[in-house]
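Here are the chains, one letter per residue:
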Amino acid sequence: KAAILLNKGEFLRAGYSANADIILDKKQHVLAIKEGLLQFGKDSIYVEVETSPQIFKKTLVKTGISDGINVEIKEGLTLNDKIKVFEKMADKKDNKEPTEKGTTSSGRKNN
C-alpha cells in the first residue's frame, strides 16, 4: 500500500501502469563518491587517495546512505582528495574526486 498526493485536476485510472521513485532517506550537502571506487578489506572499507603524482595511500572511510550508484562518505575524505580510479571506471565522467552533494552523482553539489 502507498499513499499518494495528487495535484488538482490529476487522477488515477484502474488498470494502467505507472513508474515511481521511492525515497527511503534523503540528505542534503553530503560528500559522495561513486560506489565502484570503494574497496573492501577484511573488516574495512577504503579508497586509495593520491598523495603525490601516481602515489596512492589506502584511506579508510565511513559510508552513509547510498542510491545504488553513489554513496555518502561520512569520514575519511575531503572534497579536495583525488581518488584512484580503476580501468573499468576511467571512461566515466566526474568520478575521480569526491563531491558535495545532496544524496548521493559523483560529486556535484545538489541542493
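Residues numbered from 1 in each chain as written. Predicted model: local features only at pLDDT ≥ 70, side-chain atom pairs only at ≥ 80, totals over all residues. Heavy atoms only, no water.

Undergrad: Sorry, what's going on with the nonpolar core here?
TA: In summary, soluble globular proteins display a tendency toward joint burial of nonpolar side chains. Formed by Leu31, Ile33, Leu37, Leu38, Val47, Val49, Val61, Val71, Ile73, Leu77, Ile83 and Val85, the largest nonpolar core amounts to twelve residues. The set of elements that each furnish at least two residues to this core consists of β1 (30-34), β3 (45-52) and β6 (70-75). (Core = buried A, V, L, I, M, F, W, Y, C linked by side-chain atoms within 4.5 Å. Buried < 20%, exposed > 50% of the residue type's maximum accessible area, 1.4 Å probe, protein only. Helix = DSSP H or I, 4+ residues; strand = E, 2+ residues; numbered from the N terminus.)

Undergrad: Just checking my understanding: could you explain the environment of isoleucine 65 for this structure?
TA: Of note, isoleucine 65 is situated in strand β5 (residues 62-66). The sequence separation of isoleucine 65 and alanine 32 amounts to 33 residues, and the corresponding C-alpha distance is 9.4 Å.

Undergrad: Where do I start with unusual backbone geometry in this structure?
TA: A negative phi angle characterises most non-glycine residues, just as the trans form characterises most peptide bonds. The phi torsion at histidine 29 lies on the positive side, around 55°, for a residue other than glycine. Counting through the fold element by element, histidine 29 comes out in the segment before β1. Here the phi dihedral of glutamine 54 falls at roughly 60°; this positive angle occurs in a residue that is not glycine. Tracing the sequence through the fold places glutamine 54 in the loop between β3 and β4 (55-60). Classification of glutamine 54 by relative accessible area gives exposed; the value is 63%.

Undergrad: Teacher, can you tell me more about the confidence of the model for the protein here?
TA: Reading predicted coordinates in detail is not appropriate for stretches of low pLDDT. Counting all residues, the mean pLDDT for the protein is 81, and 78% of those residues have values of 70 or more. Every residue in residues 101-111 scores below 50 in pLDDT, and together they form 48 contacts with partners more than four places removed in sequence or on other chains. (pLDDT = per-residue confidence, 0-100. Contact = heavy atoms within 4.5 Å.)

Undergrad: In this structure, what is going on with the packing of aromatic side chains? I would like to understand it.
TA: How two aromatic rings sit relative to each other is set out by the distance from centre to centre and by the angle between their planes. Using the criterion set out here, one finds zero aromatic pairs in the structure. Between the NZ or CZ atom of lysine 58 and the centre of the ring of tyrosine 46, over which it lies, the distance is 4.5 Å. Sitting over the face of the ring of phenylalanine 56, lysine 84 holds its NZ or CZ atom 5.4 Å from the ring centroid. (Phe/Tyr/Trp six-rings, centres within 6.5 Å; stacked < 30°, edge-to-face > 60°. Lys NZ or Arg CZ within 6 Å of the ring centre and 35° of its normal.)

Undergrad: Could you clarify how one ought to interpret a nonpolar patch on the surface in this entry?
TA: On the surface, a cluster of nonpolar side chains totalling about 310 Å² of accessible area is made up of Ile4, Leu6 and Leu12. Mapped onto the elements, leucine 6 comes out in the segment before β1. By relative accessible area, which is 41% here, leucine 6 ends up partly exposed. (Patch = residues over 30% accessible without salt bridge, like charges linked within 9 Å, V, L, I, M, F, W, Y side chains within 5 Å. Areas by Shrake-Rupley, 256 points an atom, 1.4 Å probe, with all protein chains shown as cover. Salt bridge = Lys/Arg side-chain N within 4 Å of Asp/Glu carboxyl O.)

Undergrad: Where do I start with the sheet that holds β3 in this structure?
TA: By way of backbone hydrogen bonds, the strands of a sheet pair with one another, either parallel or antiparallel. If you walk across this open sheet you meet the three strands as β2-β3-β4, and the pairing is antiparallel. Two strands in the sheet have a free side with no partner beyond their single neighbour: β2 (39-40) and β4. The pairing of β2 with β3 spans two bridges and is antiparallel. Its bridge partner lying in β3, phenylalanine 40 is registered against isoleucine 45. (Pairing = 2+ DSSP bridges.)

Undergrad: Honestly, the pairing of β6 in this entry has me stumped. Any pointers?
TA: Along any regular strand the residues' side chains alternate between the sheet's two faces. Across three bridges, the pairing between β1 and β6 is antiparallel. Across the sheet, residue alanine 32 finds its bridge partner in β6, namely glutamate 72. Inspection of the sheet shows β5 paired to β6 by three bridges, in the antiparallel sense. The partner of threonine 63 across the bridge, within β6, is isoleucine 73.

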